[in-house]
Amino acid sequence: MSNTAIHHPILGVITDVYEGSVWRTAPIKIGTFGYEAEIEITTEEGPPTGEQLAAAAKVASSDEGFRDEVADYMKDEYTKYIRPAYLKTVGDPAFKRNLTEADLPEINSTSDIWNVIEGFNGVCIDEEGNLSLEFVPKFDRGHDFAVRFEDGELYEVLMDG
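Fair warning: this is a prediction, and the values are worked out from it, not measured in the lab. (Residues numbered from 1 in each chain as written. Predicted model: local features only at pLDDT ≥ 70, side-chain atom pairs only at ≥ 80, totals over all residues. Heavy atoms only, no water.)

On to the pattern of salt bridges. One pass over the structure, following the stated rule, counts 6 salt bridges. Here E118 makes a salt bridge to R141, at a shortest N to O gap of 2.9 Å. Taken as a pair, E118 in strand β7 (residues 117–125) and R141 in the loop between β8 (131–137) and β9 (144–150) lie far apart in primary sequence, 23 residues in all. By relative accessible area, E118 is classed as partly exposed at 37%. Residue R141 is classed as exposed on the basis of its relative accessible area, which comes to 53%. The partner of E156 in a salt bridge is R148, with the nearest N and O atoms 2.8 Å apart. Note on E156: relative accessible area 27%, which makes it partly exposed. Residue classification places R148 among the buried positions, given a relative accessible area of 17%. (Salt bridge = Lys/Arg side-chain N within 4 Å of Asp/Glu carboxyl O. Helix = DSSP H or I, 4+ residues; strand = E, 2+ residues; numbered from the N terminus. Buried < 20%, exposed > 50% of the residue type's maximum accessible area, 1.4 Å probe, protein only.)

Put into structure tokens, the structure is as follows:
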């Protein structure tokens, strides 16, 4: 690991953690989400670009509008696909998770999605400056409830890992 670091006014110290291709902040509060996480920036080689730093700073200082937008995407995915898939595993001994229906509450309003989330696994910015938010779901801590943006637009929402 290199001792190279960048000092950023919003992100704090960003450290080179893998030979100039992976850079990471210390855990910081991510906007109005209310959770702390490291922001990891992947580069092709060398320090993060201005575009990557701008994307990281934008999410680090994100407002309630962005949080609500992300919550809306998550609510839709959880309601339509994730909850029904996990409900099928309730009581099935073939699955290691011993979930009950109470572990998978219905979500009626967008803000209720935070009832099934306990924090961030991480926030990632890729080589092109695209953002990935990786949340920790209470019902399956071994996977990420990921929300990914490409060119500033929603790209995908899924359970990952």
